[in-house]
Amino acid sequence: MNKKFFYFLLILSMIFWGASWINVKILTEYINEYEVIFLRLGLSVITMIPILLYLKLDFKINLKAIFLITLASLSLILYSIFFFIGVEHGTAGLGGALVTTLIPINTFVILALLYKKTISLKHSFALTLGAFGVLTMLNIWQFDINEIFSTQNIYFLIASLLWPMLTIISSKSTNTNPLVFTFYLYLISTLIVYVFFIDIQIIEKSFSFNWIFWVNIFSLSVLATTFATSIYFIGIEKLGTKKVSSFIFLVPVSALVLSALFLGEKISFNTLLGTVCTITAIYILNDLKPKYLFGK
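All values derive from a computational prediction rather than experimental measurement. Within each chain, residues carry numbers counting from 1 in the order of the written sequence. Restriction of local features to residues with pLDDT of at least 70 applies here, the model being predicted, together with a cutoff of 80 or more for giving and counting side-chain atom pairs; totals for whole chains, interfaces and linings are based on all residues. In computing side-chain values, all of the structure's heavy atoms are included and hydrogens and water are not.

Student: Which residues make up the nonpolar core, and what are the values?
Tutor: Leu 10, Trp 21, Tyr 79 and Leu 98 are the most contacted members of the largest nonpolar core, which totals 76 residues. Here this core takes 13 residues from helix H1 (residues 3-27), the largest share from any one element. Any two residues whose heavy atoms approach within 4.5 Å are treated as being in contact. Each residue touching Leu 98, except ones within four places of it in the same chain, is listed here: Val 134, Met 137, Leu 138 and Phe 156. Listed in part, the 9 residues of the second largest apolar core include Leu 127, Phe 249, Ile 282 and Leu 285. Only buried residues count toward a nonpolar core. Its members are Ala, Val, Leu, Ile, Met, Phe, Trp, Tyr and Cys residues joined through side-chain atoms within 4.5 Å. Burial here depends on accessible area, computed with a 1.4 Å probe over protein chains only, as a share of the maximum for the residue type. Under 20% is buried, over 50% is exposed, and the range in between is partly exposed. Put simply, DSSP marks the helices as runs of H or I at least four residues long and the strands as runs of E at least two long, and each gets a number from the N terminus on.

Rendered as structure tokens:
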């Protein structure tokens, strides 16, 4: 595949990830958090099968992978619940900016603590800058306790801690292809939610919804989950982690822009400033070179 075309697909993937926050905000008007998880991941499982067959990937997994996938599924379900409730009570733009920038920062801190690594002066500065950015997005400088500890902010912060747990658990499965691991992750998550939280009538009920529902559930499941995740993992294999990871910076930006375009949400100065600070912090933490940002 042409490298420039693949960069284009990566950019599209990041935009779809950013759009997922807008999709969920719209879907809160139709279904609850468990139904969103069930339909999103269930449709993703179905649409991932042809991709795995086309890539001729082995579906076989060992007992260790099954155990890790089950733990990761619980983290994914909890993350999705807090993601949904946060967006339901707050704005998609703030959630997309706050959570997606805080996740890599939290991951760095958690890994440093787990492996007892010394944090360098440069990385300490990055973490301080990231903390400033997060606090700015939370409007802490207004010193309004009710706003700082609002429902959406609490849920967004919890979600930003759950995804690093999912990432760390997934990284332990070194003998399983990432796409295959993701397929089983979605499959087991769907089954858990179905068994404990879902009334099967949701499938019948969903057919009574209008086209707005179906456009958003399609975007959330097929575009943001199946397509974007597949392109991301294929990109890591073809281009390397550093190059592909740099595209993540497009997610909070696209979430903010799309929420303004489709939901009429205002992009506050604090959210914009906080996003710039946290993106800069992630840039420093990952030691990314400027050329990676432009796909050169």
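Student: An account of the confidence of the model for the protein is needed here, citing residue identities and associated values.
Tutor: The quantity called pLDDT is the predictor's confidence in a given residue, expressed from 0 to 100. Averaged over every residue, the pLDDT of the protein is 85; residues scoring 70 or more account for 92%. Mean pLDDT in the protein bottoms out at helix H11 (residues 241-246), which sits at 64, and peaks at helix H2 (residues 33-54), which reaches 94. The low-confidence segment residues 288-296 (pLDDT under 50) makes 17 contacts with residues lying over four places distant or belonging to another chain.

Student: Residues and numbers for the environment of Phe 213, please.
Tutor: Looking at the secondary structure, you find Phe 213 in helix H10 (residues 211-239). When the C-alpha atoms of Phe 213 and Ser 160 are compared, they prove to be 26 Å apart, with 53 residues separating the residues in sequence. Ignoring any residue separated from it by four or fewer positions in sequence, one finds Phe 213 in contact with Leu 27, Tyr 30, Ile 31, Leu 39 and Ser 206.

Student: Outline the pattern of salt bridges, listing residues and values.
Tutor: Salt bridges are defined by distance alone: a side-chain nitrogen of Lys or Arg within 4 Å of a carboxyl oxygen of Asp or Glu. Scanning the model with the defined rule gives 1 salt bridge in all. Across the pair Lys 205 and Glu 35 runs a salt bridge whose closest N-O atoms are separated by 3.6 Å. A residue pair is termed long-range when its members are at least 10 positions apart, and Lys 205 in helix H9 (residues 201-206) and Glu 35 in helix H2 qualify at 170 residues. A relative accessible area of 36% means that Lys 205 is categorised as partly exposed.

Student: Explain a nonpolar patch on the surface to me, and be specific about the residues and the numbers.
Tutor: Residues forming no salt bridge and having over 30% relative accessible area are the ones grouped into patches, like charges within 9 Å of each other and nonpolar side chains (Val, Leu, Ile, Met, Phe, Trp, Tyr) within 5 Å. We get accessible surface area from the Shrake-Rupley algorithm with a probe of 1.4 Å; when it comes to residues, only the shown protein chains can shield them. A grouping of Tyr 194, Val 195, Phe 196, Phe 197, Ile 200, Ile 203, Phe 207 and Trp 214 is seen on the molecular surface, where their side chains present a nonpolar patch of about 830 Å² in accessible area. If you tally residues by element for the nonpolar patch, the top one is helix H8 (residues 178-197), at 4 residues. Inspection of the secondary structure puts Phe 207 in the loop between H9 and H10.

Student: I'd like a rundown of the packing of H1 against H10, residues and numbers included.
Tutor: The description of two packed helices rests on the angle between their axes and on the distance between the axes. Interaxial angle, 0 to 180 degrees, is taken between N-to-C directions of lines fitted to C-alpha atoms, where a helix line uses only the stretch in contact. Contact geometry of H1 with H10 gives a least axis separation of 8 Å together with a crossing angle of 145°. Of the two possible hands of crossing, H1 and H10 adopt the one that is left-handed. Under this grouping Gly is polar, as are all residues other than the nonpolar Ala, Val, Leu, Ile, Met, Phe, Trp, Tyr, Cys and Pro and the charged Asp, Glu, Lys and Arg. The residue inventory of the contact of H1 with H10, partitioned by class, reads 24 nonpolar, 7 polar and 1 charged. Each crossing is labelled by how the near helix is turned from the far one, with a counterclockwise turn of less than a right angle marking it left-handed and a clockwise turn marking it right-handed.

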